[in-house]
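Here is what each chain is made of, one letter per residue.
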Amino acid sequence: MKLSETVASIEQYVIDIRRDLHRHPEIGLQEVRTMNVVTQELSDLGIPFEIVQDGGIIGFIHGAQSGRTIILRADLDALPMKESELNLKQKKAVTSTIANAAHTCGHDAHTAMLLGAAKILSSKREELAGSIILAFEQGEEMGGGIKNLLNRLHQIGADGIWGIHLKSDLQAGKISVDAGPRMAAASGFKVVLKGKAGHGSRPDLAVSPVDCFVDFYQALRNMRHSRLSPFETITYSIGIVQAGSALNIIPDTLEFAGSFRYLNKEQGEQAIHIFKDILAHVSEMHNCSFEYKMEPVVSDLVVINEATCAKIAAAAVEQALSKEVLATIPAWMASESFSFYLKYFPGVFAFLGVQNEEQGMGAEHHNEHFDIDESALIVGVTSTVQYALDFLAYKGSIDYTATDKDVPELLSQYGF
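Residues numbered from 1 in each chain as written. Predicted model: local features only at pLDDT ≥ 70, side-chain atom pairs only at ≥ 80, totals over all residues. Heavy atoms only, no water.

Attention shifts here to unusual backbone geometry. Positioned with a positive phi, Leu-29 is a non-glycine residue whose angle comes to about 65°. With respect to the helices, strands and loops of the structure, Leu-29 is situated in the loop between helix 2 (11-23) and helix 3 (32-44). Here Asp-54, not a glycine, exhibits a phi torsion of approximately 50°, which is positive. Structurally, Asp-54 can be placed in the loop between strand 1 (49-52) and strand 2 (56-62). (Helix = DSSP H or I, 4+ residues; strand = E, 2+ residues; numbered from the N terminus.)

This paragraph deals with the environment of Leu-170. Among the secondary structure elements, Leu-170 is positioned in strand 5 (residues 160-171). Separated by 186 residues in the primary sequence, Leu-170 and Asn-356 have C-alpha atoms spaced 8.8 Å apart. Other than its neighbours up to four places away in sequence, Leu-170 contacts Ile-175, Ala-327, Ile-329, Phe-351, Leu-352, Gly-353, Val-354 and Gln-355. (Contact = heavy atoms within 4.5 Å.)

Contact geometry for helix 2 and helix 4 (residues 107-122): axes closest at 8 Å, N-to-C directions at 145°. Remark: the crossing between helix 2 and helix 4 carries right-handed chirality. On helix 4, the residues touching Tyr-13, Val-14, Ile-17, Arg-18, Leu-21 and His-22 of helix 2 are Asp-108, Ala-109, Thr-111, Ala-112, Met-113, Leu-115, Gly-116 and Lys-119. (Axes fitted to C-alpha atoms, helices over the stretch in contact; angles between N-to-C directions. Left-handed = near helix turned anticlockwise from the far one by under 90°.)

One finds Ile-132, Leu-134, Phe-136 and Trp-162 to be the most contacted residues of the largest nonpolar core, which totals 61 residues. In terms of residue count, the dominant contributor to this core is helix 4 (nine residues). (Core = buried A, V, L, I, M, F, W, Y, C linked by side-chain atoms within 4.5 Å. Buried < 20%, exposed > 50% of the residue type's maximum accessible area, 1.4 Å probe, protein only.)

Next up on the list: helix 5 (residues 146-156). Listed as buried for helix 5 are Ile-146, Leu-149, Leu-150 and Leu-153. Viewed end-on, helix 5 has its buried residues packed into an arc of 90°, placing them on one side of the element. For helix 5, the secondary structure elements touched by its buried residues are strand 1, strand 2, strand 3 (65-75), strand 4 (129-137), helix 9 (338-341) and helix 11 (407-412). The first or second residue beyond helix 5 is Gly-157, which carries a positive phi of 90°. (Arc of directions from axis to C-beta.)

A word on the pattern of salt bridges. Evaluated as defined, the whole model comprises 17 salt bridges. In this structure, Asp-178 and Arg-182 form a salt bridge, with 3.3 Å as the shortest nitrogen-oxygen distance. Note on accessibility: Asp-178 and Arg-182 belong to one class, buried. Salt bridges here are not isolated pairs; linked through shared partners, they connect Arg-18, Arg-19, Asp-108 and Glu-374. (Salt bridge = Lys/Arg side-chain N within 4 Å of Asp/Glu carboxyl O.)

A separate point is the sheet that holds strand 13 (residues 289-294). Across the sheet, four strands lie side by side as 10-12-8-13; this open sheet has antiparallel pairing. Of all the strands in the sheet, the pair left with one neighbour each is strand 10 (234-243) and strand 13. Going from strand to strand, the sheet's axes swing by 25° on average, the running direction of each strand aside. Bridge count between strand 8 (residues 185-194) and strand 12 (residues 253-262): 10 bridges; the pairing is antiparallel. Paired with Phe-189 across the two strands is Gly-258, which belongs to strand 12. Helix 7 (residues 265-285) contacts strand 8, strand 10, strand 12 and strand 13 of the sheet and is inclined by roughly 160° relative to strand 12. (Pairing = 2+ DSSP bridges.)

Here it is in structure tokens:
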């Protein structure tokens, strides 16, 4: 039986798990029921596992012969938000039953697909030359589980890693395994501008941090056009602005926060330098002072698909499905903890399309209307299984150098 036919036979299994997890979402480091579902499935499949405290679950599938080791990773947590029963056009097939928790990013599907892949791979133990590690990460959205889980995986050791993330703006059933930068590094900031409070009738006697912020924000917007290279991708935005308590009081402080996202560390470094320069200059011009509650620090945490691994992945998708399933798409400017794994293991982070405009599926991730075309899940499972098999069977070398830092040291430099 072809692999695609084997995966098709467990399609309902994957969908059922995804829907069960979707109805019962749990936010980061509170995934008690979710982990129970995963460990029960692993037990039923005869897959030994260990639980990493505040980290997640690691399962082990050992082949009959020795060989490489590959990690297959998924995430467990939901978002702390309310979900709408409607997608962009109609009622969803399944909706969260928990107030203020929802799988509006797709982690339920990631977990379900990995369990589906585990079901197939565990049945092929006698054929395997090598080992497969199943890694289910807690608290990906908040960065809560990566430290302990990655530390344990580093202790165990592996030769490579694979992960999948749903992509809401990619047609259902398409998958991208492009080499190079795939998700952005992020640098957050939180700043307090300090002026002098006053009455709204006498702004001349006050020093308004609101006026200071308005000029700062305009200068920040102009930075993209006048001071940064147009050949490097970077985005930045401010998501929080808080000031004032009454309409006739000029506040003495204003707090704002936001983030930079970039694919090139040097571009990020330049943007942060300009940001600080603008802030200092505009504050001085307005007779305001400022304080960093979170100072932006440049990061190299870009998700980069290793070139050889990406070739193995493309060939695996083409073999198990078809060349037409492969999609080439731009990098996603969101950020992902998968970047930490890639510091230690070469690999691929695939994007699986779940968009179906006719059925109203295409809302952005982290949106209350987010919904997926579940027919795409078997494409994810098939790709995962075939990549794992092909990676273990690969006889060539992979040009990759892991960081020499241990996990606690590495993560501490990024504030973990």
